[in-house]
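Per-entry structural report
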Amino acid sequence: MESTVLLIDMQSFYASIEKALRPELQHRPLVVSGDPERRSGVILAACPLAKSYGIQNAITLREAEERCPHLIVVRPRMSLYLQTSLRITEILGQFSDRVEPYSIDEQFISISGCQTLFGSPMETARKIQQEIAIQLGLYARIGVGPNKVLSKMACDHFAKKNESGLFELTKDKLETHLWPLPVEKMFGVGKRMGRHLRRMGIATIGDLARCPLARLRKRWGVNGHVLWMTANGIDLSPVHPDTFQKQKTIGHQMTLPRDYRTAEEIGVVLLELCEEVCRRARRQRQVGWTVSVGCRGADFNFPSGFHRQRTMPEATNHTMTVFSHAQELFTRFWDGQPIRSIGVSLSQLSADRPMQLSLFENNDQQHRLGHVMDEINHRFGPTAILRAASLTRAGQALERSQKIGGHHR
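All figures in this text were calculated on a predicted structure; none of them were measured in a lab.

1. So, the packing of aromatic side chains
- The tally for this structure, following the rule as stated, stands at eight aromatic pairs.
- Note on Y14 and Y81: the rings are 4.3 Å apart at their centroids and 10° apart in plane angle, and the pair reads as stacked. One end of the pair, Y14, is in helix 1 (residues 13-21); the other, Y81, is in helix 4 (residues 78-92), and 67 residues separate them in sequence. The same class applies to Y14 and to Y81, which are both buried.
- Aromatic ring contacts, followed pair by pair, group F306, F330, F333 and W334 into a single cluster.
- The residue whose ring lies beneath K173 is F167, and the NZ or CZ to ring-centre distance is 4.8 Å.
- Lying over the aromatic face of F333, R308 brings its terminal NZ or CZ to 4.8 Å of the ring centre.

Take a look at the structure:
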């Protein structure tokens, strides 16, 4: 039986939720934005009416208000948005048990074998769209395809642009619909890869699909093979509910409320990030071999920053061990200029099994101490135990404890 996958994308998700709860704002331009007094004062979501004024995600609130002086501004409520995303998962579960969240506002669902229950793929998509609208008052755009990658591109390039919000991209439509698009429009191709492909004379998705596979494999190895498969509409990855439980990396990145200029204050935030990453690793019973550190400079006119990683002598989720390697990495590659954001991640994950004893360090004590601290914070709140450094002016742990995804709950 031929596979059928749907990609459900919620239009202007945060803004649409706010409008659904406040009907008096239905015909007003509305955006969801962070605090304009801090660096979080950027547009997170804009309703279609606000977008008609040229307002797009990621521009500053100040710029948005200049384009639309009568703009309605709503502060983000991340708990509400997460709960709504889970409600959408429940609705999709009424149509299939194979639902895979892709992001907070996008979800894959496999409806293979469901035709006798709900009709053709397009009929099923329409029923899902109607059910979400009835139960939540939200508008879903749905791409339909024989696999995940084609359903994603069907949604992004076609369903979002037509009146019904639905589009089916089958293999026989590749040549007429997908292949004429610029190569940068293909899923998995960013600006940098687009430039490389154009230098090879590959300007459209069709050019990439017709390019000899051997040429792409010689240039990029396995990644080149994946590019060729995507251009030809081939994707073997299944829709699986547990996809995000099999993380390859645990990381956390923060945009700072002001420019951080000294190694001392940057070290405070770096320690807090390592604490958060290791806490999440311990919760998932994972340890990591590789620690990565990245930052961005404060000067927009002269972009700077770096992203570096190193493999540690042994896999760990111990905060101070990860911090020592992260701090050494940062010190080595930082150019001494003020930074505006910083991130830490742990990768090459494996199960947190019994560890090799060391003659020089009490690893078992460190391991148990981390779990005890986690348990106390779980029972009494995320700030029940804080490192003293977090109480300094540079610390952000208290502020972040009131937020979800960098925004207030």
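2. Quick notes on the packing of helix 11 (residues 213-220) against helix 12 (residues 222-231)
- At a closest axis distance of 6 Å, the pairing of helix 11 and helix 12 adopts a crossing angle of 140°. Overall, the two elements helix 11 and helix 12 adopt an arrangement that is oblique. When the axes of helix 11 and helix 12 are compared, the crossing they make is right-handed. Facing helix 11, whose interface residues are L213, L216, R217 and W220, helix 12 presents V222, N223, G224, H225, L227 and W228.

3. Examining helix 13 (residues 263-283)
- With 21 residues, helix 13 ought to run about 30 Å at 1.5 Å a step, and its terminal C-alpha atoms sit 30 Å apart, in line with that.
- The element helix 13 is extensively covered by neighbouring structure, given that 18 of its 21 residues are classed as buried.
- In the stretch just after helix 13, R285 is the one whose phi turns positive, near 55°.

4. So, the environment of E106
- Topologically, E106 is positioned in strand 6 (residues 106-110).
- A relative accessible area of 9% means that E106 is categorised as buried.
- Each C-alpha atom, one on E106 and one on T89, is 9.8 Å from the other, the two residues being 17 residues apart in sequence.
- At 2.6 Å, the side chain of E106 forms a polar contact with the side chain of K152.

5. What about the sheet that holds strand 4 (residues 72-74)?
- Taken in spatial order, the three strands make up an open sheet running 3-2-4, and their pairing is mixed. Because the sheet does not close on itself, it has two edges, and the strands there are strand 3 (43-46) and strand 4. Strand after strand, the sheet turns through a mean of 30° between neighbouring axes, direction not considered.
- Where strand 2 (residues 30-33) and strand 3 come together, three bridges link them in antiparallel fashion. Paired with V32 across the two strands is A45, which belongs to strand 3.
- Seen against the sheet, helix 1 touches strand 2, strand 3 and strand 4 and runs at an angle of roughly 120° to strand 2.

Calculation rules
Along each chain, residue indices are assigned from 1 in the same order as the chain's sequence is written. For this predicted model, a pLDDT threshold of at least 70 governs which residues receive local features, and a threshold of 80 or more governs which side-chain atom pairs are given and counted, while totals over whole chains, interfaces and linings are taken from all residues. Hydrogens and water molecules were not included; the side-chain quantities draw on all heavy atoms of the structure. Centres within 6.5 Å make a pair out of two Phe, Tyr or Trp rings, where for Trp the six-membered ring is used; the pair is then stacked when the planes are under 30 degrees apart, edge-to-face when over 60, and tilted otherwise. Per the convention used, a helix needs a DSSP run of H or I reaching at least four residues, while a strand needs a run of E reaching at least two, with both numbered from the N terminus. When accessible area is computed with a 1.4 Å probe and restricted to protein chains, residues below 20% of their type maximum are described as buried, those above 50% as exposed, and intermediate ones as partly exposed. A ring has a charge above it when a Lys NZ or an Arg CZ is no more than 6 Å from the ring centre and no more than 35 degrees off the ring normal. Fitted lines through C-alpha atoms give the axes, limited to the stretch in contact for helices. The angle between two N-to-C directions lies from 0 to 180 degrees. Roughly parallel means an angle under 35 degrees; roughly antiparallel, over 145; roughly perpendicular, 65 to 115; everything else is oblique. If you view the pair so one helix is near and one far, a crossing is left-handed when the near helix is turned anticlockwise from the far one by less than a right angle, and right-handed when it is turned clockwise. Whether two residues are in contact is decided by their heavy atoms, any of which lying within 4.5 Å being enough. Given the number of residues in a helix, its expected span is that number minus one, multiplied by 1.5 Å. For this analysis, a polar contact is any N or O atom pair within 3.5 Å, provided that within protein one partner can donate a hydrogen and the other can accept it, and provided that sequence-adjacent residues contribute only side-chain to side-chain pairs. Two strands qualify as a pair provided DSSP detects at least 2 bridges between them.

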